[in-house]
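In case you want the letters, here they are:
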Amino acid sequence: MSHTLLLVDGSSYLYRAFHAMPDLRNAEGQPTGALYGVINMLKKLRKDFPSAYAACVFDAKGKTFRDDWYPEYKAHRPPMPSDLAAQIAPLHEAVRALGWPLIMVEGVEADDVIGTLTRQAEAAGMAAVVSTGDKDLAQLVTDKVRLINTMSNETLDVAGVAAKFGVPPGRIVDYLTLIGDTVDNVPGVEKVGPKTAVKWLAEFGSLDELMARAGQVKGVAGENLRRALDWLPMGRQLVTVKTDVALDVHPNDLAWKEEDKDKLVELFSRYNFRTWLREVQGEDAPPSPSGRGAGGEGALIAQEAGLPHPGPLTSDDDVPPAGEGVERHYQAILDQATLDTWLAKLNAAQLICLDTETTSLDPMRAQLVGMSFSITPGEAAYLPLAHHYAGAPSQLDLAATLARLKPLLEDPGKAKVGQNLKYDWHVLMNQGVNLQGIVHDTLLQSYVLEAHERHDMDTLAARHLGESTIKYEEVCGKGANQIGFDQVDVERATAYAAEDADITLRLHQALYPRLAAEAKLDQVYSHIEMPLLPILARMERTGVKLDADLLRQHSGYLAGEMLGIEQKAYQAAGQPFNLNSPKQLGEILFTQLGLKPKKKTPGGAPSTNEDALQELALDHPLPKLILEYRGLANLKSTYTDKLPAMVNPQTGRVHTTYSQAVAVTGRLSSNDPNLQNIPVRTVEGRKIREAFIAEPGHVIVSADYSQIELRIMAHLSGDERLLAAFASGQDVHRATAAEVLGIPPEEVTGEQRRSAKAINFGLIYGMSAFGLARQLGINRGAAQEYVDLYFNRYPGVRAFMDRIRAQARQDKYVETLFGRRLYLTDIDHSNQGRRAGAERTAINAPMQGSAADIIKRAMIAVDRWIESERPPLRMIMQVHDELVFEVAEDALEAAAGRIRAEMESAAQLAVPLVVDLGIGDNWDQAH
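Cut-offs used in this document
Residues numbered from 1 in each chain as written. Predicted model: local features only at pLDDT ≥ 70, side-chain atom pairs only at ≥ 80, totals over all residues. Heavy atoms only, no water. Helix = DSSP H or I, 4+ residues; strand = E, 2+ residues; numbered from the N terminus. Rg over C-alpha atoms; globule rule 2.2 N^0.38 Å. Buried < 20%, exposed > 50% of the residue type's maximum accessible area, 1.4 Å probe, protein only. Contact = heavy atoms within 4.5 Å. Areas by Shrake-Rupley, 256 points an atom, 1.4 Å probe, with all protein chains shown as cover. Lys, Arg positive; Asp, Glu negative; His and termini not counted. Charge placed at Lys NZ, Arg CZ, Asp CG, Glu CD. Pairing = 2+ DSSP bridges. Core = buried A, V, L, I, M, F, W, Y, C linked by side-chain atoms within 4.5 Å. Polar contact = N/O pair within 3.5 Å; in protein donor to acceptor, adjacent residues only side chain to side chain. Patch = residues over 30% accessible without salt bridge, like charges linked within 9 Å, V, L, I, M, F, W, Y side chains within 5 Å. Salt bridge = Lys/Arg side-chain N within 4 Å of Asp/Glu carboxyl O. Phe/Tyr/Trp six-rings, centres within 6.5 Å; stacked < 30°, edge-to-face > 60°. Lys NZ or Arg CZ within 6 Å of the ring centre and 35° of its normal. pLDDT = per-residue confidence, 0-100. Arc of directions from axis to C-beta. Axes fitted to C-alpha atoms, helices over the stretch in contact; angles between N-to-C directions. Parallel < 35°, antiparallel > 145°, perpendicular 65-115°, else oblique. Left-handed = near helix turned anticlockwise from the far one by under 90°. Nonpolar A, V, L, I, M, F, W, Y, C, P; charged D, E, K, R; others polar.

Description of the overall build of the protein chain
Argument step 1. Helices and strands together make up the secondary structure of the protein chain, namely 38 helices and 23 strands.
Argument step 2. Expected size for 927 residues packed as a compact globule is a radius of gyration near 30 Å; at 32 Å, the protein chain falls within 12% of this value.
Argument step 3. Across its three principal directions, the C-alpha atoms of the protein chain cover 95 × 80 × 55 Å.
Argument step 4. Relative to its full complement of 927 residues, the protein chain shows a buried share of 53%.
Argument step 5. In the protein chain, 68% of the contacts between residues at least 6 apart in sequence involve partners at least 24 apart.
Argument step 6. Accessible surface, the protein chain: about 39500 Å² in total, of which carbon and sulfur atoms supply 50%.
Argument step 7. Averaging the positions of the 96 positive and the 122 negative side-chain charges in the protein chain gives two centres separated by 4 Å.

Observations regarding the pairing of strand β5 (residues 145-149)
Argument step 1. The buried fraction of β5 is high, at four of five residues.
Argument step 2. With four bridges joining them, strand β4 (residues 127-131) and β5 adopt parallel strand pairing. By the bridge assignment for β5, Val 130 is matched with Leu 147.
Argument step 3. Bridging between β5 and strand β6 (residues 154-156) involves three bridges; their strand directions are antiparallel. Directly across from Ile 148, in β6, lies its bridge partner Thr 155.

Considerations on the nonpolar core
Argument step 1. Ranked by internal contacts, the top residues of the largest apolar core, which has 118 residues, are Phe 577, Phe 692, Tyr 705 and Phe 885.
Argument step 2. When residues of this core are assigned to their parent elements, the largest contribution, 14 residues, is made by helix α36 (residues 832-869).
Argument step 3. Those residues in contact with Phe 692, other than ones at most four positions away along the chain, are Val 544, Lys 545, Leu 546, Leu 643, Leu 675, Ile 678, Ile 700, Met 877, Asn 922 and Trp 923.
Argument step 4. The next biggest cluster of nonpolar side chains, apart from the first, holds 56 residues, and it includes Leu 7, Leu 137, Ile 179 and Leu 254.

Observations concerning unusual backbone geometry
Argument step 1. A cis geometry characterises the amide bond from Asp 672 onward to Pro 673, with omega recorded as 0°.
Argument step 2. When you line up the elements, Pro 673 lands in the loop between β16 (669-671) and α28 (683-690).
Argument step 3. At Asn 185, a residue that is not glycine, the phi angle is positive and equals roughly 60°.
Argument step 4. Summarising the element assignment, Asn 185 is placed in the loop between α8 (172-179) and α9 (194-204).
Argument step 5. Residue Arg 870 is not a glycine yet carries a positive backbone phi of 50°.

Digging into the environment of Lys 422
Argument step 1. Position of Lys 422 relative to the elements: it lies in helix α18 (residues 421-430).
Argument step 2. Between the alpha carbons of Lys 422 and Leu 533 there is a distance of 6.5 Å; along the sequence they are 111 residues apart.
Argument step 3. Setting aside chain neighbours within four positions, we find Lys 422 in contact with Asp 441, Leu 533, Leu 536, Ala 537, Glu 540, Thr 657 and Tyr 658.
Argument step 4. Side-chain polar atoms of Lys 422 contact the backbone oxygen of Tyr 658, separated by 2.8 Å.

Some details on a negative patch on the surface
Argument step 1. A contiguous patch of negative charge on the surface is contributed by Glu 258, Glu 259, Asp 260 and Asp 262.
Argument step 2. Examined against the element boundaries, Glu 258 turns out to sit in the loop between α12 (232-239) and α13 (261-270).
Argument step 3. Residue classification places Glu 258 among the exposed positions, given a relative accessible area of 73%.

Quick notes on the packing of aromatic side chains
Argument step 1. A full pass over the atoms with the stated rule returns 19 aromatic pairs.
Argument step 2. Chaining the aromatic ring pairs together yields one cluster made of Tyr 36, Phe 268, Tyr 271, Phe 273 and Trp 276.
Argument step 3. Cation over ring: Arg 46 sits above Trp 256, and NZ or CZ is 3.8 Å from the ring centre.
Argument step 4. The lysine or arginine in question, Arg 689, covers the ring of Trp 923, its NZ or CZ lying 4.0 Å from the ring centre.

Examining the confidence of the model for the protein chain
Argument step 1. Taken as a whole, the protein chain shows an average pLDDT of 88; of its residues, 94% reach a score of 70 or greater.
Argument step 2. Low pLDDT, under 50, characterises residues 284-324; the predicted model gives this stretch 119 contacts beyond four residues in sequence or across chains.

What about helix α7 (residues 158-165)?
Argument step 1. Of the positions making up α7, those classed as buried are Gly 160, Val 161 and Phe 165. For α7, the arc enclosing every buried residue in end-on projection is 105°, short of the 170-degree limit, so these residues lie on one face. Away from the buried face of α7 by more than 90 degrees, exposed residues Ala 159 and Ala 163 are located.
Argument step 2. Considering only its buried residues, α7 is in contact with β6, α8 and α9.
Argument step 3. Measuring from the side-chain oxygen of the N-cap residue of α7 to the backbone nitrogen of Ala 159 gives 3.3 Å; that N-cap residue is Asp 157.
Argument step 4. After α7 finishes, the residue Gly 166 shows a positive phi value of roughly 85°.

As for the packing of helix α25 (residues 582-592) against helix α27 (residues 621-640)
Argument step 1. Relative orientation of the contacting elements α25 and α27 amounts to 160°, with a least axis distance of 11 Å. Put simply, α25 runs roughly antiparallel to α27. Relative to α27, the crossing made by α25 is left-handed. Residues Leu 585, Ile 588 and Leu 589 of α25 touch α27, and the partners they reach there are Leu 622, Pro 623, Ile 626 and Arg 630.
Argument step 2. Looking at the contact of α25 with α27 residue by residue, the classes come out as six nonpolar, no polar and one charged.

Below, the structure is given as structure tokens:
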């Protein structure tokens, strides 16, 4: 440690952090992503690489000597984004306040300063560790100098450089000279890449020897080399890192400085970095009043989870004091006197926060271990009821205690709040208690406010309260050593469970005022998401009847079909092989059969994923057979084998879980089992749907919105021709083909209608002419012509798309018809691909999100009718734009008419909402 110099290429990390992080901002709307990213890396570096000396080196403003040598040097780089430029000054402040010596030298680059310091360190007998993402600095590596890349966790010593680049550090300059540097606009030898450069240097030993014997290099590459001979000396100068810059400091002058805690407090407060602020102020210091973490470390949680951040929402001023410096008073309820005290408190409270601790994550099978309550921030109690371990304290009787709690829990007039209360509702129902009075749920509050964020309680506590909570694994352990909660020491369980209730109450006090202040968001939360919660709970508990024997038979059939495909694949390949092995498949496709790879994996290997195989299927029959095999294997493993085992033995039905807070568009997701991905277009998939049946004396009714997203497009765009097509009840795809092609609708062929359908739905998802060409199997020019004709006939659609893109760039979000907000963090991203993806989302999200809102409103309306009139039917499934019911046969006609009426009146659009009804003994017949 005492002989190590740690150097950081600050400019390299600044740019990388800016482009890698989401659009993070503090409460004032100032950008903080790059600032956070670099500070985080610096803190990690200091911890991971202890050293006596260090420096963070940045590029100085202005030109360098390389610009004098070559005016085109870095000339093609765009101007620095304003959001990045705004973070440089505070970053420099933070670097110095953290105790890092900061170096900038005019006229040279950070690389040259680092190069000089590493050589000086070596001369002084020190080792040097250089943290950078710049490959050019590999030329500095020696036995005493190594590179680390914090963003990729890569470390390069001498052997590592040779392994990565194919040449030792002493030949990196020659290597870079040959391949050039597109980032810095330094040309190399035309069409010479890393492989050729390595080959030449291995053959000739050095760039000088290669240039001297350039006449011996054959082919086009040789010609390009000889044309570049006059340029190569200059190219080598440009890529060579200077190691003799005149510096005012020496490595011995770069000892760590003492942290400036006052400055760090000021910076971390200004930019909403709460956890760091608390670290500086001391573990027991209360969090400083700050924003809800829109640009702070809460955003890092989104980054680490691979999630985009939704952008700025609110300011510091509306954060209630419930999340700031709350003292904790937790207790266990172990006797009747304490229970009496808490029952009195709960009955007198305006709002009760509750949580359950259980034996399982499966809500239908979880047994109650204990309950926690909170009515005042910082004060909570845990009621253990079923802890079983040696030495466990005496606990109140579960049945008797629940009997005392039941009137309170089932009272709809006693308002309750919790985190994912749908689960707790199931747990209590398992005990014969029907939880009523659910008025708030912090999971849904977070989801409506910040759909792109994570919504688990631990993350919310860190993001909104600056609190680090006890994790489940800390209490129960991990993996094979994990114990059930009923085995947890009651004292430890009290700390954990009471904290859950306390934190959840405080989260409600922090989140709900923000929702209430936004009328549209409050409408989504209060009139869509919260009313839907008990409906989904009842649907989950009702479940779906399953013909398990039919599925088992179908599983055997699929196994036989797979065996037949396997034999055909062996014939097509010319040998047996493991169809489930991507490695063996790749060997046969690309080596033995000689097919040209269409796509590559992130690691650079030829891809055998579905998209790649679909393209390869045009060249050989084997890829198509693999796709067929994989499709059947997926149906077998996911459904025909798995579903029979998921039938609840007590109910004889399958019980899925519907999640409200997953899809950013507002769509529900279905899990364990997933009922929303069962194929409907294949015979095998429909066979699985046949197994979803009705009870005797009942039928299945499927109610499906017809072309709802296209109808929403017509409503939002206001395009006259599209509106007219829907208003008159025309086949909109046939009408589109007729409009675009300028022919009467009756003359439209099936192929023309298929093309029109592809573009109608493709537009919803932002499909390009290239994508349309692929889907229709036509050339790109023909597809572009079709797109152009479409927009000429439907100018309102084009205008809407242009308008929504502009609005998204301005607001950084789009909205559904009902005010649900969908954030677009990449809408101004410098990366064209990410920006284009955000623009496609901007077009699609209002339609998909509005469709999700409409079917949720329909579910609420239908459920209101069911609960008030008690007709002999049950709502049993929701699948995208479809609701599925189990209806008594003798009530079918009236029920079907009422279902259609409620669904078609769930929203008032400029075009009619149309519901297609299907009826059958099973789901496939009904659909």
